[in-house]
Amino acid sequence: MRLSIYKPFGKGLSDQEIKISICDTNPEIIQVFAEIFADEKRVEVVQGNILNLTADALVSPANSFGDMSGGLDKVIDDFYNGEAQRKAQQYIRHHYFGEMPVGMAGILEMKRQPYPYLIVAPTMRIPGNVGKTIHAYLAMRATLQAVLTHNFTCEERIRHIALPSLCTGIGGMPYREAAEQMFTAIHSILDEDWKLVVHPAMAPYALGPRWALSEKMNKFKP
């Protein structure tokens, strides 16, 4: 499927900033995400096959057990010739005793272009509907946390990641809700909004599924 950029990166991005490509084949999802991220220069929104993009790392939104036998994760595993699931499950067994909670992420070195790194960031414990959760926020936050930690400790830094819209497939999350949660997570980590949380009640979504921390999200509140 040919790539179409609905919302490009903004001008003036420095080499030190993390670039995020959000890619999906569904035009309805893409339109919503392009609207939500219209003013976010670090994000581009693209319609098409995510494997036709080029970035330092690809995000797999699999489940907590690293099963990649269906959907986009099967496509990703096939792209890596079956190595993605094997390495993901090995990583989860070693670091999480077989089950990586939603809100955690790990980075696997795959050594294949155009995605030499794979980021495993579960959006659900087992395949199913997570439409009334904050799993898109948690998975996006975990992804960026893993990238920043990697960049602090490794010479080969990750500066550009590609990922699908989180939780919008089998997860059943409304498209706008998923986009808003991902938006909130990006600003929580990359803009260090997390430093404003001096009490648990101030955390994003602490007061309900539609509540976000940053004033940047005010226009999306009901």
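Note that the coordinates shown come from a computational prediction; the quantities given were computed from them, not determined experimentally.

Asks: Describe the overall build of the protein chain, naming the residues involved and giving the relevant values.
Replies: Across its full length, the protein chain holds five helices and seven strands. Order of helices (α) and strands (β) in the protein chain, N terminus to C terminus: β-β-α-β-β-α-α-β-β-α-β-α. Here the C-alpha atoms of the protein chain give a radius of gyration of 16 Å, agreeing with the 17 Å that 2.2 N^0.38 yields for 222 residues. Projecting the C-alpha coordinates of the protein chain onto the three principal axes gives extents of approximately 45 × 40 × 35 Å. Per-residue burial for the protein chain yields a buried fraction of 50% across its 222 residues. Counting contacts in the protein chain only where the partners sit at least 6 residues apart, residues at least 24 apart contribute 66% of the total. Between the averaged position of the 23 positive side-chain charges in the protein chain and that of its 24 negative side-chain charges there is a distance of 1 Å.

Asks: Outline the packing of helix H1 (residues 27-36) against helix H5 (residues 175-190), listing residues and values.
Replies: Relative orientation of the contacting elements H1 and H5 amounts to 40 degrees, with a least axis distance of 9 Å. Taken together, the axis directions place H1 and H5 in an arrangement best described as oblique. Crossing handedness for the pair H1 and H5: right-handed. Across from Glu28, Ile29, Val32, Phe33, Glu35 and Ile36 in H1, the residues of H5 making contact are Tyr175, Arg176, Ala178, Ala179, Glu180, Met182 and Phe183. A per-class count over the contact of H1 with H5 returns nine nonpolar, no polar and four charged.

Asks: Run through the sheet that holds strand S6 (residues 117-120), naming residues and quoting values.
Replies: Spatially, seven strands are ordered S1-S3-S2-S7-S4-S6-S5 in an open sheet, and the strand pairing comes out mixed. The open sheet has two free edges, formed respectively by strand S1 (4-7) and strand S5 (106-109), since each of these has just one partner strand. Shown here is a sheet whose adjacent strand axes are inclined to one another by a mean of 30 degrees, direction ignored. Relative to strand S3 (residues 43-47), strand S2 (residues 19-24) runs parallel, the two sharing five bridges. Across the sheet, the residue bridging to Asp24 is Gln47, located in S3. Running at roughly 155 degrees to strand S7 (residues 160-163), helix H4 (residues 135-153) makes contact with S2, strand S4 (57-60), S5, S6 and S7 of the sheet.

Calculation rules
- Residues numbered from 1 in each chain as written.
- Predicted model: local features only at pLDDT ≥ 70, side-chain atom pairs only at ≥ 80, totals over all residues.
- Heavy atoms only, no water.
- Helix = DSSP H or I, 4+ residues; strand = E, 2+ residues; numbered from the N terminus.
- Rg over C-alpha atoms; globule rule 2.2 N^0.38 Å.
- Buried < 20%, exposed > 50% of the residue type's maximum accessible area, 1.4 Å probe, protein only.
- Contact = heavy atoms within 4.5 Å.
- Lys, Arg positive; Asp, Glu negative; His and termini not counted.
- Charge placed at Lys NZ, Arg CZ, Asp CG, Glu CD.
- Axes fitted to C-alpha atoms, helices over the stretch in contact; angles between N-to-C directions.
- Parallel < 35°, antiparallel > 145°, perpendicular 65-115°, else oblique.
- Left-handed = near helix turned anticlockwise from the far one by under 90°.
- Nonpolar A, V, L, I, M, F, W, Y, C, P; charged D, E, K, R; others polar.
- Pairing = 2+ DSSP bridges.

Interpretation note: all reported values are geometric properties and have no functional meaning in isolation.
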